[in-house]
Amino acid sequence: MRAITALFFLFCFVAPSALAQLRQGFYGRSCPRAETIVANVVASRFRRDRTITAALLRMQFHDCFVRGCDASLLIDPRPGRQSEKSTGPNASVRGYEIIDEAKRQLEAACPRTVSCADIVTLATRDSVALAGGPRFSVPTGRRDGLRSNPGDVNLPGPTIPVSASIQLFAAQGMNTNDMVTLIGGGHSVGVAHCSLFQDRLADPAMDRSLNARLRNTCRAPNDPSVFLDQRTPFTVDNAIYGEIRRQRGILRIDQNLGLHGSTRGIVSSFASSNTLFRQRFAQAMVKMGTIRVLTGRSGEIRRNCRVFNNGR
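This structure is a prediction, so every number in the text was calculated from the model and none was measured.

**Details of the overall build of the chain**
Within the chain one finds 13 helices and two strands. Over its C-alpha trace the chain gives a radius of gyration of 19 Å, about what one expects of a compact globule, namely 20 Å for 312 residues. Taking the principal axes of the C-alpha coordinates as reference, the chain spans close to 55 × 45 × 35 Å. Considering the chain as a whole, with its 312 residues, one finds that 54% of them fall into the buried category. Within the structure as shown, the chain displays about 13100 Å² of accessible surface, and the carbon and sulfur contribution to it stands at 50%. Taken together, the 42 basic and 24 acidic charged side chains of the chain have centroids lying 2 Å from each other.

Structural data, given as structure tokens:
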């Protein structure tokens, strides 16, 4: 990416305020097939393109970490009016057509009922399971935001220091364990362009064989990309943490997670137990999906995920 076991007991891990606003089965009466429709759209695309898991994980992260999980990232820029999509960190976010197709089918089945913010959350959850990650339930009931401003975008880059990343996650109500889980989990199926890890190629501590292979790849024109997880690049699992432990982290932030005193123990624990990673990843994904959500009468239910209902 240029710049992310079993059903667990949700109510143990989501903040009480979020639980009061969101709930599982929110569309049980208003749109009973909502989750099935989204799942079918995602599955159809996944059969043709397994990279959509990385795309959707990044989409949800980039949406939720800017003004909360309100689908503000989905708004298209217009002449004279930019949006979050207009910014550098979001320039390579992709997968919008998956959300569009799910929305089209949902509007046909249940007009003005299912929010774009919930579609992003459900689609990401489903893509994780299809990529061999944990299956988990998510609460729904989000509403879509009424603002998409490029000035609001403040997302971590690939060389951000661990201490700064901890602070950024803390500002969103996420702890250090959540941070290590979401960064590693998201990067377990992601890619990075060579321009984003030149600093790592100059690091003498990097595994020599990997360094040589990356240098050879990066000699090609047009800024090639490589998998961040060299072992299981299409599976959401703990393999990337083992790679980090062996000085094979490709992005600076990934490798630093294995070196920093606040995070290296978490990396080691995940490297040793895929079961633990799956449990924590599911918890962190649900928690991220509750960041500053709009519910009740706040926001709106967009008819088109790319445009505010008033057309502005």
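**With respect to the nonpolar core**
Core analysis: the biggest nonpolar cluster contains 85 residues, and Met59, Phe65, Leu74, Ile99, Phe169, Phe197 and Met288 have the highest contact counts within it. Aside from chain neighbours lying at most four places away, what touches Phe197 is Ala192, Leu214, Cys218, Val226, Ile250 and Leu251.

**Considerations on the pattern of salt bridges**
Counted by the stated rule, this structure contains 18 salt bridges. One salt bridge in this structure joins Asp207 and Arg248, with 2.8 Å as the shortest N-O distance. Of the two residues, Asp207 is situated in the loop between α8 (198-201) and α9 (208-218) and Arg248 in the loop between α10 (239-245) and α11 (252-257); the sequence distance between them amounts to 41 residues. Taking relative accessible area as the criterion, Asp207 reaches 21% and is therefore assigned partly exposed. On the basis of relative accessible area, Arg248 is assigned to the buried category, the value being 8%. Several salt bridges converge on common partners, so that one network encompasses Asp76, Lys85, Asp100 and Arg306.

**So, the UniProt feature "domain: Plant heme peroxidase family profile" (unreviewed entry) in the chain**
Residues given the UniProt feature "domain: Plant heme peroxidase family profile" (unreviewed entry) here are residues 21-309. Helix makes up 46% of residues 21-309 and strand 2%, and the two end C-alpha atoms of the span are 23 Å apart.

**Regarding the UniProt feature "binding site: heme b" (unreviewed entry) in the chain**
Summarizing the sequence annotation, UniProt attributes the feature "binding site: heme b" (unreviewed entry) to His187 in the numbering used throughout. Within the secondary structure, His187 sits in helix α7 (residues 176-187). Classification of His187 by relative accessible area gives buried; the value is 11%.

**As for the environment of Arg297**
With respect to the helices and strands, Arg297 occurs in the segment after α13 (274-288). Residue classification places Arg297 among the exposed positions, given a relative accessible area of 83%. Distance in space between the C-alpha atoms of Arg297 and Arg143 is 8.3 Å, their sequence separation being 154 residues.

**Describing the state of the cysteines**
Each disulfide is one covalent bond, formed between the sulfur atoms of two cysteines. Enumeration according to the criterion identifies four disulfides in this entry. Linked covalently through their sulfurs, Cys116 and Cys305 form a disulfide whose S-S length is 2.1 Å. With the S-S bond torsion at -95°, the cross-link from Cys116 to Cys305 turns out left-handed. Here Cys305 lies in the segment after α13 and Cys116 lies in helix α5 (residues 116-130), a separation of 189 residues in the sequence. This pair shows no difference in class: Cys116 is buried, exactly as Cys305 is. Between the sulfur atoms of Cys194 and its disulfide partner Cys218 the distance amounts to 2.0 Å. Residues Cys194 and Cys218 are joined by a disulfide whose S-S torsion is about -85°; by sign, that bridge is left-handed. Taken together, the residues Cys194 in the loop between β1 (191-193) and α8 and Cys218 in helix α9 connect sequence positions 24 residues apart. For Cys194, a relative accessible area of 3% puts it in the buried group. Judged by its relative accessible area of 17%, Cys218 falls in the buried class.

**Quick word on the confidence of the model for the chain**
Here the chain averages 93 in pLDDT, and 93% of its residues register 70 or above. In this model, residues 1-20 is a region of pLDDT below 50 whose contacts with residues beyond four sequence positions or in other chains number 52 contacts.

**Here's the deal with helix α4 (residues 96-109)**
Between the first and last C-alpha of α4 there are 20 Å, a value that for 14 residues agrees with the 20 Å anticipated at 1.5 Å per step. Residues of α4 that are buried: Tyr96, Ile98, Ile99, Ala102, Lys103, Leu106 and Glu107. Viewed end-on, α4 has its buried residues packed into an arc of 160°, placing them on one side of the element. Close packing links the buried residues of α4 with α2 (34-48), α3 (52-64) and α5.

**Brief notes about the packing of aromatic side chains**
The tally for this structure, following the rule as stated, stands at nine aromatic pairs. Here the aromatic rings of Phe227 and Phe234 are separated by 5.2 Å at their centres, their planes lie at 75°, and the arrangement is edge-to-face. Ring centres of Tyr241 and Phe277 lie 5.5 Å apart, and the angle between their planes is 55°; on these two criteria the pair is classed as tilted. On the criterion of sequence distance, the pair formed by Tyr241 in helix α10 and Phe277 in helix α13 is long-range, its members being 36 residues apart. Over the ring of Phe234 we find Arg50; its NZ or CZ atom is 4.2 Å from the centre of that ring.

Rules behind the numbers
- Sequence order sets the numbering: in each chain, residues are counted from 1 along the sequence as written.
- At least 70 in pLDDT is required for a residue's local features to be given in this predicted model, at least 80 for side-chain atom pairs to be given and counted, and no such filter applies to totals for whole chains, interfaces and linings, which use all residues.
- Excluding hydrogens and water, the side-chain values take into account all heavy atoms of the structure.
- Only DSSP runs of H or I covering at least 4 residues are called helices, and only runs of E covering at least 2 are called strands; the numbering of each starts at the N terminus.
- Radius of gyration here is computed from C-alpha atoms only, and the compact-globule reference equals 2.2 Å multiplied by the residue count raised to the power 0.38.
- When a residue's accessible area, from a 1.4 Å probe over protein chains only, is under 20% of the maximum for its type it is buried; when over 50% it is exposed; and in between it is partly exposed.
- Here the open area of atoms and residues is found with the Shrake-Rupley method and a 1.4 Å probe, where only the protein chains shown may cover a residue.
- The positive count covers Lys and Arg only, the negative count covers Asp and Glu only, and His and the chain ends enter neither.
- Charge placement uses NZ in Lys and CZ in Arg. For Asp and Glu, CG and CD serve respectively.
- Here the nonpolar core consists of buried residues drawn from Ala, Val, Leu, Ile, Met, Phe, Trp, Tyr and Cys, with membership extended through side-chain atoms lying within 4.5 Å.
- Note on contacts: a residue pair is in contact if any heavy atoms of the two residues lie within 4.5 Å.
- What makes a salt bridge here is a side-chain nitrogen of Lys or Arg within 4 Å of a carboxyl oxygen of Asp or Glu, nothing more.
- UniProt positions are given in the numbering used here, feature names are shortened, and annotations may be inferred rather than shown by experiment.
- The term disulfide is used for any two cysteine sulfur atoms that are within 2.5 Å.
- Within a predicted model, pLDDT stands for the predictor's per-residue confidence, ranging from 0 to 100.
- In this analysis, the expected span of each helix is defined as 1.5 Å times one less than the number of residues it contains.
- As used here, the arc is the angular range of directions from the helix axis to the C-beta atoms.
- Side-chain rings of Phe, Tyr and Trp, where Trp is taken by its six-membered ring, are said to pair if the distance between their centres is within 6.5 Å; with planes under 30 degrees apart they count as stacked, over 60 as edge-to-face, and otherwise as tilted.
- Sitting over a ring, as applied to charges here, requires NZ of Lys or CZ of Arg to be within 6 Å of the ring centre and within 35 degrees of the ring normal.

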